Amino acid sequence: DVKVTQSSRYLVKRTGEKVFLECVQDMDHENMFWYRQDPGLGLRLIYFSYDVKMKEKGDIPEGYSVSREKKERFSLILESASTNQTSMYLCASSLGGTNQPQHFGDGTRLSIL
Amino acid sequence: GESVGLHLPTLSVQEGDNSIINCAYSNSASDYFIWYKQESGKGPQFIIDIRSNMDKRQGQRVTVLLNKTVKHLSLQIAATQPGDSAVYFCAERTHGYGQNFVFGPGTRLSVLP
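Since this is a predicted model, take the numbers as computed values, not measurements.

All names here are of chain A. For strand S6 (residues 42-49), a buried count of seven out of eight residues is recorded, marking the element as mostly surrounded by other parts of the structure. Bridge count for strand S5 (residues 31-38) against S6 is seven bridges, and the pairing is antiparallel. Among the inter-strand pairings, Met-32 is bridged to a residue of S6, identified as Ser-49. From the end of S5 to the start of S6, which pair antiparallel, there are three residues, and Gly-40 there has a positive phi angle of about 85 degrees. Looking at chain direction, S6 and strand S7 (residues 56-57) are connected through two bridges and run antiparallel. The partner of Tyr-47 across the bridge, within S7, is Lys-57. Connecting S6 to the antiparallel partner S7 that follows it, the hairpin turn spans six residues, and Lys-53 within it adopts a positive phi of roughly 65 degrees.

Quick look at the interface of chain B and chain A now. Taken together, the contact between chain B and chain A spans 25 residues of the former and 23 residues of the latter. Buried area between chain B and chain A, both sides added, is near 1900 Å², and the carbon and sulfur share of it is 51%. Inspection of the region where chain B meets chain A yields zero salt bridges. Taken together, the elements giving at least two residues each to the side of chain B that touches chain A come down to strand S3 (30-38), strand S4 (45-51), strand S8 (86-94) and strand S9 (101-103) of chain B. With five residues, the single largest contributor to the side of chain B that touches chain A is S3(B).

So, how was this worked out
Residues numbered from 1 in each chain as written. Chains lettered and ligands numbered in written order. Predicted model: local features only at pLDDT ≥ 70, side-chain atom pairs only at ≥ 80, totals over all residues. Heavy atoms only, no water. Buried < 20%, exposed > 50% of the residue type's maximum accessible area, 1.4 Å probe, protein only. Helix = DSSP H or I, 4+ residues; strand = E, 2+ residues; numbered from the N terminus. Pairing = 2+ DSSP bridges. Contact = heavy atoms within 4.5 Å. Buried area = accessible area lost by both parts, 1.4 Å probe. Salt bridge = Lys/Arg side-chain N within 4 Å of Asp/Glu carboxyl O.

Okay, here's the thing in structure tokens:
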């Protein structure tokens, strides 16, 4: 089975802090994704990566950056956390090529105080 | 547990009955679709997928139907069980958009004893 592991289930940070969310997948997937999930808004894509050291902006990249130094690890960075970044963050991975499902981690519920 | 969505459409069914969850997708150029199940406090779990060259696909106790004419997708769950209680949402991939998906808002399925 595909395993996508997010380092923290719950995280509480303060406004202005730099926050790192880590995600690791163990299936040698080429593609990795970061989403946030908010009530009534569904999943929204923040950033994605199709290869090591490669990144592309999703629909809502403002206030975020990412890092993919190794194939199995994709990190989401909140440069200066703000209260409107309180959300559930979900990481996903998929094989390369077309028509491949994304497999998700269990999420990190981040609260910014 | 955590609530994925506060104002989601809700479908309540009796244990043992069949469930039908519907999804209207937005883009006629979409060519690949996935159904996910999300239980409280967990990440989305892949259930079944279907390509646009198919009308129907069956899995274990689940069937997905695709009607491209009206851009409609449905998930049928046979003999619904208490463990099926979750939020279900569809995802569509539009041709030419790489591996990026658009996710629906979801439907909450409640199984009554």
